Amino acid sequence: MGAWKTKCEPSRRIKLEEKQYKENLERAREADRLSVELKNSYEQKKSFTHEDTKKLERLEKLTRKIRSEAGGSDEDGLLDDPPNELEPALSRLAQVTESLRKVVEKTPRQVISATVIEQANLILQLVKIARNFSIDRDEPRPPDCYGVCCKPCIPKNPLHVID
């Protein structure tokens, strides 16, 4: 009985890894779909609805899981040239999420991908920016605000994080 178990373990492990890989592909595809829906919804309504907020939360959750599966940690890097309005933030989010989906589809399941991790970190920063623009849309922001805090950030402070 022990020899049979030893022979079946690698095959069971491979099937589990394949299942996890397929789930990760589905996460990337759903994230891409959600980002496009968010962008299109805002373009049509020029407002951010409660449903959009839920989609943004789901996108964030999916992206964190993708990053984790790729071997990344909870470090969100700083965004170069952050968007200063919600519409460009959502457009960029859709572009980066599409890029992430394509990279996940091309990355073999055994590979830890720095590109997937970088793309996921970028998406998470854009999600924060979009969330904060949607929360404080009518509140005036300083010209140097990077939009990554829930209140207008101190001018020229790109390191200010969510309170």
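Quick caveat: nothing in here was measured; it's all calculated off a predicted structure.

Analysis parameters
Residues numbered from 1 in each chain as written. Predicted model: local features only at pLDDT ≥ 70, side-chain atom pairs only at ≥ 80, totals over all residues. Heavy atoms only, no water. Axes fitted to C-alpha atoms, helices over the stretch in contact; angles between N-to-C directions. Helix = DSSP H or I, 4+ residues; strand = E, 2+ residues; numbered from the N terminus. Parallel < 35°, antiparallel > 145°, perpendicular 65-115°, else oblique. Left-handed = near helix turned anticlockwise from the far one by under 90°. Contact = heavy atoms within 4.5 Å. Nonpolar A, V, L, I, M, F, W, Y, C, P; charged D, E, K, R; others polar. Expected span 1.5 Å × (residues − 1). Buried < 20%, exposed > 50% of the residue type's maximum accessible area, 1.4 Å probe, protein only. Salt bridge = Lys/Arg side-chain N within 4 Å of Asp/Glu carboxyl O. Polar contact = N/O pair within 3.5 Å; in protein donor to acceptor, adjacent residues only side chain to side chain. Core = buried A, V, L, I, M, F, W, Y, C linked by side-chain atoms within 4.5 Å.

Visitor: Help me understand the packing of helix H3 (residues 86-106) against helix H4 (residues 114-135), please; the structure alone is not making it clear to me.
Guide: In a packed pair of helices, the relevant descriptors are the angle between the two axes and the axis-to-axis distance. Viewed as axis vectors pointing N to C, H3 and H4 meet at an angle of 155 degrees, and their least axial separation amounts to 9 Å. Judged by the angle between their axes, H3 and H4 are roughly antiparallel. Of the two possible hands of crossing, H3 and H4 adopt the one that is left-handed. Taking contact as the criterion, the partners of Leu-86, Ala-89, Leu-90, Arg-92, Leu-93, Val-96, Thr-97, Ser-99, Leu-100, Val-103 and Val-104 in H3 are, on H4, Thr-115, Val-116, Gln-119, Ala-120, Leu-122, Ile-123, Leu-126, Val-127, Ile-129, Ala-130, Phe-133 and Ser-134. Partitioned by chemical class, the residues of the contact of H3 with H4 number 17 nonpolar, five polar and one charged.

Visitor: Honestly, the packing of helix H2 (residues 50-69) against H3 in this entry has me stumped. Any pointers?
Guide: In the contact formed by H2 and H3, the axes pass within 13 Å of each other and the chain directions differ by 35 degrees. Seen from above, H2 lies across H3 with left-handed handedness. Of the residues in H3, those in contact with Leu-56, Leu-59 and Ile-66 of H2 are Leu-93, Thr-97, Leu-100 and Val-104.

Visitor: How do you make sense of H2 when you look at a structure like this?
Guide: For an α-helix, 3.6 residues make a turn, and residues three or four places apart therefore share a direction. For H2, spanning 20 residues, the distance from its first C-alpha to its last is 29 Å, which sits close to the expected 28 Å at 1.5 Å a residue. Every buried residue of H2 is listed here: Asp-52, Lys-55, Leu-56, Leu-59, Glu-60, Leu-62, Thr-63, Ile-66 and Arg-67. Within two residues after H2, Gly-71 carries a phi angle of roughly 95 degrees, on the positive side.

Visitor: Explanation requested: the pattern of salt bridges in the structure shown.
Guide: Where charged atoms from two side chains of opposite charge approach closely, those side chains can pair. Using the criterion set out here, one finds 20 salt bridges in the structure. Where Arg-58 meets Glu-30, a salt bridge forms, and the shortest distance between an N and an O atom there is 3.0 Å. Placement of Arg-58 in helix H2 and of Glu-30 in helix H1 (residues 2-45) is noted, with a sequence separation of 28 residues between them. Of the residues examined, Glu-30 reaches a relative accessible area of 22% and is grouped as partly exposed. In this structure, Glu-43 and Lys-39 form a salt bridge, with 3.6 Å as the shortest nitrogen-oxygen distance. Highlighted residues: Glu-43 and Lys-39, both in helix H1, separated by four residues, approximately one helical turn. We classify Glu-43 as partly exposed; its relative accessible area is 33%. Judged by relative accessible area, Lys-39 falls into the partly exposed class, the value being 23%. Several salt bridges share partner residues, and in doing so they unite Glu-26, Arg-29, Asp-32, Glu-98, Arg-101, Lys-102 and Glu-105 into one network.

Visitor: Could you clarify how one ought to interpret H4 in this entry?
Guide: When the terminal C-alpha atoms of H4 are compared, their 32 Å separation across 22 residues agrees well with the 32 Å that a helix rising 1.5 Å per residue should span. The element H4 is largely enclosed, with a buried count of 16 among its 22 residues. If you check the start of H4, you find a side-chain oxygen 3.4 Å away from the backbone N of Thr-115, and it comes from Ser-113.

Visitor: How should I be thinking about the nonpolar core in this particular structure?
Guide: The nonpolar side chains of soluble globular proteins are, as a tendency, buried together. One finds Leu-56, Leu-59, Leu-90 and Leu-93 to be the most contacted residues of the largest nonpolar core, which totals 29 residues. At the level of secondary structure, the elements contributing two or more residues to this core comprise H1, H2, H3 and H4. Aside from chain neighbours lying at most four places away, what touches Leu-90 is Leu-38, Lys-39, Tyr-42, Phe-48 and Ala-130.

Visitor: Before we go on, may I ask you to explain the side chain of Ser-113 in this structure?
Guide: Counting through the fold element by element, Ser-113 comes out in the loop between H3 and H4. The exposure class of Ser-113 is buried, given its relative accessible area of 10%. For Ser-113, the side chain forms a polar contact with the main-chain nitrogen of Thr-115, separated by 3.4 Å.

Visitor: Just checking my understanding: could you explain the environment of Arg-64 for this structure?
Guide: Take Arg-64: it is sitting in helix H2. You can call Arg-64 partly exposed: its relative accessible area is 29%. Once the C-alpha coordinates of Arg-64 and Ala-120 are considered, the two residues, 56 residues apart in sequence, prove to be 7.2 Å apart.

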